[in-house]
Amino acid sequence: QVQFVESGGGLVQPGGSLRLSCAASGSRFSMYTMDWYRQAPEKARELVATITNGGNTNYADSVKGRFTISRDNAKNTVYLQMNSLKPEDTAVYYCRASQTITHFVVGWGRGTQVTVSS
């Protein structure tokens, strides 16, 4: 079973930056579409950013121009660079893998907390 482990969360002041990482086990990472989701308290989980196995990216309107998703297939890792952070970015951030053609969900990470506060 493929496992995903997020890291890089923490407490940051408004306007600051963080880089999240999600490391995957197994040998098929390069074939997956990878997503970052987030869930704030008492809110539904929302899709933040996507990167396909071919490197195409897509972002939620709320993070466009501030967040960048990238991947390093040699390290089985996907990243989320978050700049100009706002208090409303506070949430638990999760990575998710899916098969690009069938959209079958391969797995989720357990999440990493991001708190933006002064």
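Structural data are supplied above this passage.
Values in this document were obtained by computation on a predicted structure and should not be read as measured data.

*Asks:* I would appreciate a short explanation of the pattern of salt bridges in the present structure.
*Replies:* Once their charged atoms are close, side chains differing in charge can pair, the charge on each being opposite to the other. Taken as a whole and judged by the stated rule, the model has five salt bridges. With its nearest N and O atoms 2.9 Å apart, the salt bridge here joins aspartate 89 to arginine 38. Residue aspartate 89 is found in the loop between β8 (77-82) and β9 (91-99), and its partner arginine 38 is found in strand β4 (residues 32-39); the two are separated by 51 residues along the sequence. Pair check on accessibility: aspartate 89 and arginine 38 agree, each one buried. Between aspartate 61 and lysine 64 there is a salt bridge; the shortest N-O distance is 3.2 Å. One network of salt bridges, in which partners are shared, links Arg38, Glu46, Arg66 and Asp89.

*Asks:* Honestly, the nonpolar core in this entry has me stumped. Any pointers?
*Replies:* A general feature of soluble globular proteins is that nonpolar side chains tend to end up buried together. Ranked by size, the top nonpolar core spans 29 residues in total, and within it Met34, Trp36, Leu80, Met82 and Tyr93 carry the most contacts. For this core, the elements supplying multiple residues, two or more each, are β3 (18-24), β4, β5 (46-51), β7 (67-72), β8, β9 and β11 (112-116).

*Asks:* Got a minute to help me understand the state of the cysteines in this structure?
*Replies:* A covalent bond between the sulfur atoms of two cysteines is what we call a disulfide. Taken as a whole, this structure holds one disulfide when the rule is applied. Each disulfide pairs two cysteine sulfurs, and for cysteine 22 the partner residue is cysteine 95, the sulfurs being separated by 2.0 Å. Torsion about the S-S bond of the cysteine 22 and cysteine 95 cystine: about 50 degrees, corresponding to right-handed handedness. Taken as a pair, cysteine 22 in strand β3 and cysteine 95 in strand β9 lie far apart in primary sequence, 73 residues in all. For the pair cysteine 22 and cysteine 95, one class covers both residues: buried.

*Asks:* I would appreciate a short explanation of the packing of aromatic side chains in the present structure.
*Replies:* Two numbers describe a pair of aromatic rings. These are the distance of the centres and the angle of the planes. Using the criterion set out here, one finds two aromatic pairs in the structure. Relative to tryptophan 108, the ring of tyrosine 37 lies with its centre 4.9 Å away and its plane at 55 degrees, an arrangement referred to as tilted. Linking tyrosine 37 in strand β4 with tryptophan 108 in strand β10 (residues 105-108), this pair joins segments that are 71 residues apart in sequence. A relative accessible area of 14% means that tyrosine 37 is categorised as buried. Classification of tryptophan 108 as partly exposed rests on a relative accessible area of 34%. Residues tyrosine 94 and tryptophan 108 carry aromatic rings whose centres are separated by 6.5 Å and whose planes lie at 85 degrees to one another, so their mutual orientation is edge-to-face. Remark: tryptophan 108 occurs in strand β10 and tyrosine 94 occurs in strand β9; sequence separation between them is 14 residues. Looking at arginine 45, its charged tip hangs above the ring of tryptophan 108, at a distance of 4.7 Å from the centre. Directly above the aromatic system of phenylalanine 29 lies the positively charged group of arginine 71, at a separation of 4.7 Å from the ring centroid.

*Asks:* It is not clear to me how the sheet that holds β8 should be interpreted in this structure. Could you clarify?
*Replies:* Two orientations exist for strands paired in a sheet by backbone hydrogen bonds: parallel and antiparallel. Here we have four strands laid out as an open sheet, ordered β1-β3-β8-β7, and antiparallel in their pairing. The sheet terminates laterally at β1 (4-7) and β7, the two strands that pair on one side only. Between one strand and the next, the sheet's axes are offset by a mean angle of 15 degrees, whatever the strand orientation. The pairing of β3 with β8 spans six bridges and is classified as antiparallel. Within β8, the position partnered with leucine 20 by the bridge is leucine 80.

Definitions and cut-offs
- Residues numbered from 1 in each chain as written.
- Predicted model: local features only at pLDDT ≥ 70, side-chain atom pairs only at ≥ 80, totals over all residues.
- Heavy atoms only, no water.
- Salt bridge = Lys/Arg side-chain N within 4 Å of Asp/Glu carboxyl O.
- Helix = DSSP H or I, 4+ residues; strand = E, 2+ residues; numbered from the N terminus.
- Buried < 20%, exposed > 50% of the residue type's maximum accessible area, 1.4 Å probe, protein only.
- Core = buried A, V, L, I, M, F, W, Y, C linked by side-chain atoms within 4.5 Å.
- Disulfide = S-S within 2.5 Å.
- Phe/Tyr/Trp six-rings, centres within 6.5 Å; stacked < 30°, edge-to-face > 60°.
- Lys NZ or Arg CZ within 6 Å of the ring centre and 35° of its normal.
- Pairing = 2+ DSSP bridges.
- Axes fitted to C-alpha atoms, helices over the stretch in contact; angles between N-to-C directions.

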